[in-house]
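# Notes for the structure review
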Amino acid sequence: QMFLLQTLRARTQEYAEDELVVQALEAEIPEDKRKLIRDSLEPDFQEVCQKMMKDQKLTTDDEFFQWLEGQGFTRREMKEAFIRRQMIVGYVQSKIQVPAQIDRAVLVKYYQEHIDEYTRVEVPNSSTLLTPTAVEFESVQEKIQNKLLGQLREEAKKHVLSEIRAKGHVITIFDGEK
């Protein structure tokens, strides 16, 4: 029961945050442009459907529709959820700037601050050397990117919330700020 409560809380907050983004998107982007965006997502949705059919080894649309019903969805509901998610992600990405590459100085600083996380290799007739592997280097880069993305998400959330508040809307987020 506690697991269900935690899951419900997480999903409720996620849905509320998504709804705030949708409201900001609807306030900023005119309906005719939103329709163009939705229409432009149709090929991507079809591609997702085809991949799902292939993954489930389904050959006809009727088999696919039946399979979806068994999962608790209709094609229309799945399409609406897909388009909603794509529009939310696209809108938030348009509001934030994610660096394409991480500056070498930031990477070196992170490595130095976390040097104890790297393996030590014994080399005959010499002292112990620190040698990060390519996998460890990618791990460090991924950690930094995730940290930056988390910060950017928080900034985007604050930005969207402040825009909505500035328009005089009352916002309540459960287990969050008000």
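Going by the structure above, here's the rest.
Residues numbered from 1 in each chain as written. Predicted model: local features only at pLDDT ≥ 70, side-chain atom pairs only at ≥ 80, totals over all residues. Heavy atoms only, no water.

## A closer look at the packing of aromatic side chains
Each aromatic ring pair is described using two quantities: the centre-to-centre distance and the angle formed by the ring planes. A full pass over the atoms with the stated rule returns 3 aromatic pairs. Arranged with centres 6.3 Å apart and planes meeting at 45°, the rings of Phe64 and Phe65 form a pair that is tilted. Given the relative accessible area of 30%, Phe65 is considered partly exposed. By the ring-pair criterion, three or more aromatic residues cluster together here, those being Phe64, Phe65 and Trp67. (Phe/Tyr/Trp six-rings, centres within 6.5 Å; stacked < 30°, edge-to-face > 60°. Buried < 20%, exposed > 50% of the residue type's maximum accessible area, 1.4 Å probe, protein only.)

## A few points about the nonpolar core
Of all hydrophobic cores here, the largest spans 19 residues; its most connected members are Phe64, Met78 and Tyr91. Looking at this core, the elements with two or more residues in it are α1 (2–28), α3 (42–55), α4 (61–70) and α5 (75–95). Aside from chain neighbours lying at most four places away, what touches Phe64 is Cys49, Met52, Met53, Leu58 and Met78. (Core = buried A, V, L, I, M, F, W, Y, C linked by side-chain atoms within 4.5 Å. Helix = DSSP H or I, 4+ residues; strand = E, 2+ residues; numbered from the N terminus. Contact = heavy atoms within 4.5 Å.)

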